[in-house]
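Analysis of the macromolecular model
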Amino acid sequence: MNTLGKDIDVVTSRSMTPTDWRPTPKLKDRVRSKTRLKSARRVRSSLFTEDIIPLVLTSKSREIFQCVIDQDLTEEQPYKLIKKDDIINDMKARGGTSDFYPFKQQILEHSTEDFLVVFDKDFKYGQSFYMVLNETMKEAILQSLEQKQDAKEEDEDEELSFKDFLLRSWTDLGSGIEIEQEKAEESSTKVKFMISRIRREFGAPVVFDDRNDAETKDSYIECTSYQDKNFSIKKLERDIGIQAVKILEESSTQTEWTYPRNACTQYTPSEFTQEEKDEILKSEALNTFINSVALRFELALQQNEIMDVFYDDWRGLTDEDSTFGGKADCHLKEYQSFTDLQKSQGKRVNNIEWHPTILGLVAVSVVDHITMEDRMNLTNRPLRSHSYILFWNFTDPIRPQIILEAPDDIYSFQFCPTDPNIVAGGCKNGQVVLWDISEFAHRLQGHLPATKPDTVKANLLPELDPVPHLEVPIAHHCAVSSIENGHKSFITDLCWLPDHFEITKFGVPCENPEGVCVQLVTCSPDCSILFWDVRRPKATVLTRHEKQKMEKELQNPEGIPNTFKHIDLYWKPMHRVVLPKVTGSGEYSPLKISLREKCTDKAHDYEERVVTSEESGKFNTEYYLLRYRHMCNTKSLQNLFQSKGETSEYGNMDVPSSRDLTNLTEINTFLFIGTEDGEVTSVDWQVEKDMDTGKMTTPKPTHCYTVHDGPVNTVQRSPFFTDIILTVGGWTFAIWKEGFTLGPLLHSACATKRCQTGHWSLTRPGVIIIGREDGNIDIWDLLEKTHEPSQTQNISSVPISCIRPWIVSTRQHLLAVSDDFGTLHILEVPWALRYPLTQEKSNVEAYFDREVKRLEYFEARKILRSEKKEQEEEEKPAPEVEPKTVEQLEEEAKKEHAAYLQEEKKIIFAQLGKV
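In short, a report on the structure. (Residues numbered from 1 in each chain as written. Predicted model: local features only at pLDDT ≥ 70, side-chain atom pairs only at ≥ 80, totals over all residues. Heavy atoms only, no water.)

**Quick word on the overall build of the protein**
Selection criterion: Only runs of H or I of at least four residues qualify as helices and only runs of E of at least two qualify as strands under DSSP, and these elements are numbered from the N terminus. In this scheme, a residue with accessible area under 20% of its type's maximum is buried, one over 50% is exposed, and one in between is partly exposed, where area comes from a 1.4 Å probe on protein chains only. For this analysis, residues touch if any pair of their heavy atoms sits within 4.5 Å. The Shrake-Rupley method, run with a 1.4 Å probe, gives the accessible areas here. Residue values count only the displayed protein chains as cover.
The secondary structure content of the protein amounts to 20 helices and 37 strands. Counting over 915 residues, the protein shows a buried share of 39%. A fraction of 65% describes how many contacts in the protein between residues 6 or more apart in sequence connect residues 24 or more apart. Summing over all exposed atoms, the protein offers an accessible surface of approximately 59,000 Å²; the carbon and sulfur share of this is 52%.

Spelled out as structure tokens, the structure:
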């Protein structure tokens, strides 16, 4: 059986030959009838296998015989009748290159004048064309192709008949509003892409070669997905289906592992039979019991009607403290807010620092919200605004006290611990800047100079006067580092080294003879940590005459102090720390760092009060106040009121030789680091000699953990435990113990919004404050619960950028919170968040110790399991016990159930007998 066409088959017999068979008129009628042709499918066609020849026609042959596809042969007419003489002439002219030459003998034997060539679109016969030699077959195939075309035209006529209906205009019957709301309109905001290229690279030849991305720095960039608020579509209506399901809970326990089997339990309540119920109700024991408790039952009902027995008297006692400031209040109250319409509005407040000695004075740095490409396109320098650090005082919430001008955006700054008049900051371009604000010390204290009247606009009303009556002084920087020797990216963190030690160019800690802070450390995402010294380098030591001559020639203009003129524009780092990765090539890119060493200039009475407070276990407000005022010592207070130019002692101090210094071995030389990729590691800043190359290099970190799903924006030590560190990054935060390498003590679950910053409480060891992207603040109390925040409060409608608490007095604690809109919020901390609980420090310390033991136990169990698994693999498996059949298990279950019912009846009747 062989099918020659999609719509026609011919019925033949084994005894018939091609010359004996002729189609009859009755058979022709069956061929023309489409219905009858479909019923004659699957008929043998071995008769025509020799009369159909598959062809491969080249482009030359298609042009000669006019059989070009989609031009001569179309879907409507996929066949062509070629004369026998034309085929013979082609074979004579082209010889063996003719496509018909392999079938020369068959073509010459047939007496037909025309041969049918059909385009085989479906490759039914193995090639793109096939040629029919038999006249009967040719007639049958032509009829089938014509019928197929007629059927297709009839279908097209039926489709066109549906389009002849008259179209009428649409009439609104009440659904016009819904249809208008469902229309998709183009958003007004569009995404703009800009692709630029250096002109000299146009037309340059490109050479491709192979390289290993693991050995090449910055060879690939990971583009992580994030939610873009510009493409948020507000849904007016949404249809959803909700199915109520039970809350799933995952739990684990250490039990003996058994072979898992499918099991089910069906519980049927056990009830008394009717005979047993009647017997119990008529029993004498039940009547005696009811008569004995009837009076007490009636008395209890009367008491329930008279008073509420479920009222909590202890909670009612705290109603009087529900106002703000009471013991029951736990909400932050906004005390004051600061913003400058020209300098800070619309910008991001990136860093906050409270003045260490002047109460009520806070400094903030503001940065622009522009991309690097937009920053590079601002070629016209006057069009770009300056960068500032604003000093705010509670006495004037409208105008800042002073403004520190910087060459670029300041991402981090800090007051000098021993001299609050010295401010160091890190710029976006990688430079380190120094200011001397001793000239404005009296102004910062609140003693403002007399105002100068404006003679030009004195007739204007104060509300319409665009020029402020008080001119805010601007302090220019007195020293800036060399841009070619500094960081290659923006400085994300900066801190001063304590006053009791300094380091050499090899990172060795030595005793500080001056007793003042003279060195600072900075970090940047350019994979480096730099140490700086503000004293005069040894290479520039001059004679007294030369010093006087240089000071006379290099006087700073515009009254800028000469405190650090000896390092201005020539300042270079004295020590560099690189951060090689623990495994593989590449380096870590640090964002935040933390030093364990702090200033040691506390008085002896402070230490005595600390010991007394901790031993007694009672709360000492004076102790907590003095604990966080240790920087306000006599030396810093004296330096605060120095006159202009007296702080130039930094210019008279030279960097001493390492031979003259005494090495200190008890100094902790490790930096706790949070990276741009969410990694947390620790590195030693002392260099060591490489055994392979012989060079002095920074040792590799011993461990690294990737616990955050975003850049680490906060690395801060607990004010109560120097080895406990808080890190915040991505959607989580973690608590670490320095020196403990098994992982974080506490790792929070992913929050709904990104965590922007965090800070420890200054008076409660177990309280952490986290600022989120949605403008909320989460307050975590570790003694209350660790799986979720104890309190969440909204502060702003834009992301929180920085948090800094401060203690004003024993009864007033403030919390400075900044946002991405340039506003500084000052919040008052309630009583519940500033007064610690009884033995809170010891309880929190015990919690950290338990977490350490828990991690050590899990690590030991993990090692034990791995060893046990290896031992089991070595030993031969024990023979398995033959499992019981289903019938045996059911029989045992029935026996156990019957025994259980018997015991239950005994217990119930025993209780009734006692009653």
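Now that the structure has been shown, the text picks up again.
**Section: the side chain of Glu597**
Heads up, the condition is: Charge counting treats Lys and Arg as positive and Asp and Glu as negative, with His and both chain ends excluded. Salt bridge, as used here: a side-chain nitrogen of Lys or Arg that lies within 4 Å of a carboxyl oxygen of Asp or Glu. Counted as a polar contact is a pair of N or O atoms within 3.5 Å, where, for protein atoms, one must be capable of donating a hydrogen and the other of accepting one, and residues adjacent in sequence contribute only when both atoms are in side chains.
Mapped onto the secondary structure, Glu597 falls in the loop between strand S21 (590–595) and helix H14 (604–616). The buried charged residue Glu597 lacks any salt bridge, with Arg596 as its nearest oppositely charged partner at 6.3 Å. Among the polar contacts listed, one links the side chain of Glu597 to the side chain of His500, at a separation of 3.5 Å. Reaching out from Glu597, the side chain makes a polar contact with the backbone nitrogen of Asn668 at a distance of 3.1 Å. Setting aside residues no more than four positions away along its own chain, Glu597 makes contact with Pro498, His500, Phe501, Glu666, Ile667 and Asn668.

**Description of the sheet that holds strand S22 (residues 670–675)**
So the rule is basically this: The criterion for strand pairing is that DSSP finds at least two bridges linking the strands in question. Lines are fitted to the C-alpha atoms to define the axes, a helix being fitted only along its stretch in contact, and any angle between axes, read from their N-to-C directions, falls within 0 to 180 degrees.
What the 4 strands build is an open sheet, ordered S21-S22-S23-S26; its pairing is antiparallel. With one partner strand each, in any of the chains shown, S21 and strand S26 (704–706) form the two edges of the open sheet. For this sheet, the mean inter-axis angle between neighbouring strands, taken without regard to orientation, is 25°. Of the strand pairs in this sheet, strand S23 (residues 679–684) and S26 are connected by 3 bridges, and their pairing is antiparallel. Bridging from a neighbouring strand, Thr681 pairs with Cys704 of S26.

**Regarding the pattern of salt bridges**
Scanning the entire structure with this criterion turns up 17 salt bridges. Among the ionic pairs, Arg348 bridges to Asp820, the shortest N-O distance being 2.9 Å. Linking Arg348 in strand S6 (residues 348–354) with Asp820 in the loop between strand S36 (812–819) and strand S37 (824–828), this pair joins segments that are 472 residues apart in sequence. You can call Asp820 buried: its relative accessible area is 16%. Glu851 serves as the salt-bridge partner of Arg854, at 2.7 Å between the closest nitrogen and oxygen. Of this pair, Arg854 and Glu851 both sit in helix H19 (residues 840–874), 3 residues apart, roughly one helical turn. Given a relative accessible area of 32%, Arg854 falls into the partly exposed group. Residue Glu851 is classed as buried on the basis of its relative accessible area of 13%. Taken together, the shared-partner salt bridges connect Glu502, Glu514, Asp533 and Arg535 into one network.

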